[in-house]
Amino acid sequence: MSANRKLQTEIDRCMKKIEEGVELFDEIWDKVYSATQQNQKEKYEVDLKKEIKKLQRLRDQIKTWIASNDIKDKSALVDARKLIETKMEQFKVCEKETKTKTYSKEGLLREAKLDPKEKERRDCMNWVQDKVDKLQQQLELMEADLDQLNSGKGKKQNKTRIGALEGHMGHHRAHILKLEQIARLVDNEALEAAQVEEVKDEVEYYVEENQDPDFMAGYDEAQYPYEALALEDAAIRPSDLVEARREESAAASGAAADPAAAEDEDLSEKERRKADKKSKRDKK
């Protein structure tokens with residue numbers, strides 16, 4: 001058997017597994033949402049997760065073949081990859097519902113018991129996770145596009161597009177890392193949820209507008225909004241320790257600190273940063 005025939009046999013076998021896996025996934029999906037008992041629903045959700053893991057492994061193999069120069073016609077492979085990614089998105093919906101169960105009786109009872117500060121912290125972490133999820137979904141699509149551009153002779157022909165896409169993906173990864181850091185700090189109470197409000201507009205603006213080529217054309221790290229949070233400092237010491245150090249410094253210098261003046265100064269600095277960011281955004 002020639003190498004090409006052997007490769008085609010492997011591809012056919014993989015495509016058959018994908019077809020069967022998708023069919024089984026759909027069957028389990030229907031069972032999840034038709035289950036009347038919670039224990040049944042949970043069992044089917046576990047089965048659904050196992051099936052999506054199998055499909056993801058098959059997707060990895062498909063992506064390898066798409067990037068290979070040995071295969072000329074890759075349309076069927078691309079379609080199979082997109083089909084699996086559609087099922088991955090479906091699974092994320094189910095998984096999110098399972099994790100949150102916001103409107104369940106138990107969820108509402110837990111929500112009622114939370115004090116306002118804790119609720120604010122939870123809401124903040126949910127917001128961060130939502131943005132991370134959206135960025136990761138966009139990143140997966142960009143990775144698929146990059147595989148397509150790199151396939152065959154396209155790498156040379158699409159050099160400029162590949163470079164732009166890789167830069168775009170780099171910004172996504174940087175935002176995801178920062179947001180995950182924010183989530184950890186808020187969870188550990190090293191960063192106040194109220195502080196995160198300062199960057200929400202800018203983060204949401206990036207998540208919503210980054211697919212516009214004109215927006216990304218002049219985008220750089222200087223436009224990241226996270227400087228206002230001093231994440232490196234927050235990671236080392238909580239806000240109360242920061243305040244204590246400020247007081248110690250003021251006492252050591254013999255300066256009589258004026259709380260009202262300090263507050264005005266902090267407010268002015270925040271307003272200046274926001275004005276700078278708004279100006280940059282308006283130029284876009």
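Residues numbered from 1 in each chain as written. Predicted model: local features only at pLDDT ≥ 70, side-chain atom pairs only at ≥ 80, totals over all residues. Heavy atoms only, no water.

Section: the nonpolar core
Quick note on the threshold: Working definition of a nonpolar core: buried Ala, Val, Leu, Ile, Met, Phe, Trp, Tyr and Cys residues. They are joined through side-chain atoms within 4.5 Å. Accessibility here uses a 1.4 Å probe with only protein chains present; expressed as a share of the type maximum, an area under 20% marks a residue as buried, one over 50% as exposed, and anything in between as partly exposed. Secondary structure is summarised from DSSP: a helix means a run of H or I of at least four residues, a strand means a run of E of at least two, and numbering begins at the N terminus for each.
One finds Leu179, Ile182, Leu191 and Val196 to be the most contacted residues of the largest nonpolar core, which totals 33 residues. Counting only elements with at least two residues in this core, the list comes to helix H5 (116-150), helix H7 (159-187), helix H8 (193-209) and helix H9 (213-217). Ranked by residues supplied to this core, first place goes to H5 with ten residues. Residues Val22, Ile71, Leu77 and Phe91 belong to the second largest nonpolar core, which totals 24 residues.

Brief notes about H7
As a reminder of what qualifies: The span expected for a helix works out to 1.5 Å for each residue beyond the first.
Counted at 1.5 Å a residue, the expected span for H7 with its 29 residues is 42 Å, and the 42 Å between its end C-alpha atoms agrees. Directly after H7, the chain includes Glu189, whose backbone phi takes a positive value near 60°.

Focus on a negative patch on the surface
Test applied: To count toward a patch, a residue needs a relative accessible area above 30% and no salt bridge. Like charges then connect within 9 Å, nonpolar side chains (Val, Leu, Ile, Met, Phe, Trp, Tyr) within 5 Å. Reported accessibility uses the Shrake-Rupley method at a 1.4 Å probe radius. Residues are deemed covered only where the shown protein chains occlude them. Salt bridges are identified by distance alone: a Lys or Arg side-chain nitrogen within 4 Å of an Asp or Glu carboxyl oxygen. A positive count includes Lys and Arg, and a negative count includes Asp and Glu. His and the chain ends are not counted in either. To locate a charge, the coordinates of NZ of Lys, CZ of Arg, CG of Asp or CD of Glu are taken.
Side chains of Glu19, Glu23, Glu27 and Asp30 sit close together on the surface and give a patch of like negative charge. Structurally, Glu27 is set in helix H1 (residues 3-34).

Quick notes on unusual backbone geometry
If you check the backbone angles, Glu189 has positive phi at about 60° while not being a glycine. Within the secondary structure, Glu189 is located in the loop between H7 and H8.

Description of the packing of aromatic side chains
As a reminder, the rule being used: Stacked, tilted and edge-to-face are the three classes assigned to paired rings of Phe, Tyr and Trp, where Trp is represented by its six-membered ring and a pair needs centres within 6.5 Å; plane angles under 30 degrees give stacked, over 60 edge-to-face, the rest tilted. Only when the NZ of Lys or the CZ of Arg is both within 6 Å of the ring centre and within 35 degrees of the ring normal is a charge said to sit over the ring.
Taken as a whole and judged by the stated rule, the model has eight aromatic pairs. Both rings, one in Tyr205 and one in Phe215, keep their centres 5.4 Å apart while their planes meet at 80°; by these two values the pair is edge-to-face. Taken as a pair, Tyr205 in helix H8 and Phe215 in helix H9 lie far apart in primary sequence, ten residues in all. Note on Tyr205: relative accessible area 22%, which makes it partly exposed. Phe215 gets classed as buried once you look at its relative accessible area, which sits at 6%. Their ring planes at 35° and their centres at 6.0 Å tell us that Tyr219 and Tyr224 sit as a pair that is tilted. A single burial state applies to Tyr219 and to Tyr224, both of which are buried. Joined through ring pairs, the aromatic side chains of Tyr205, Tyr206, Phe215, Tyr219, Tyr224 and Tyr226 make up one cluster. Positioned above the aromatic ring of Tyr33, the side-chain terminus of Lys41 is 4.8 Å from the ring centre.

Regarding the environment of Lys117
Our working definition: Counted as a polar contact is a pair of N or O atoms within 3.5 Å, where, for protein atoms, one must be capable of donating a hydrogen and the other of accepting one, and residues adjacent in sequence contribute only when both atoms are in side chains.
Mapped onto the elements, Lys117 comes out in helix H5. Taking the C-alpha atoms as reference points, Lys117 and Glu192, 75 residues apart in sequence, are found 9.4 Å from one another. A polar contact of 3.3 Å, which involves the side chain of Lys117, links it to the side chain of Glu192.

What about the UniProt feature "coiled-coil region" (unreviewed entry) in the protein chain?
Short version of the rule: UniProt positions are given in the numbering used here, feature names are shortened, and annotations may be inferred rather than shown by experiment.
Here, the residues flagged by UniProt with the feature "coiled-coil region" (unreviewed entry) are residues 41-68 and 125-152. Its end C-alpha atoms 41 Å apart, residues 41-68 is made of 93% helix and 0% strand.

What to know about the pattern of salt bridges
For the structure shown, the criterion picks out 19 salt bridges. A salt bridge links Lys87 to Asp26; the nearest nitrogen and oxygen atoms lie 2.8 Å apart. Here Lys87, found in helix H3 (residues 75-100), pairs with Asp26, found in helix H1; they are 61 residues apart in sequence, far enough to count as distant. The exposure class of Asp26 is partly exposed, given its relative accessible area of 27%. Lys131 is the partner of Glu204 in a salt bridge, and the nearest nitrogen-oxygen pair spans 4.0 Å. Here the residue Glu204 occupies a position in helix H8, and Lys131 occupies one in helix H5, the gap between them amounting to 73 residues. Residue class for Lys131 comes out buried when judged on its relative accessible area of 7%. Put simply, Glu118, Arg121, Arg122 and Asp187 are held in one network by salt bridges that share partners.

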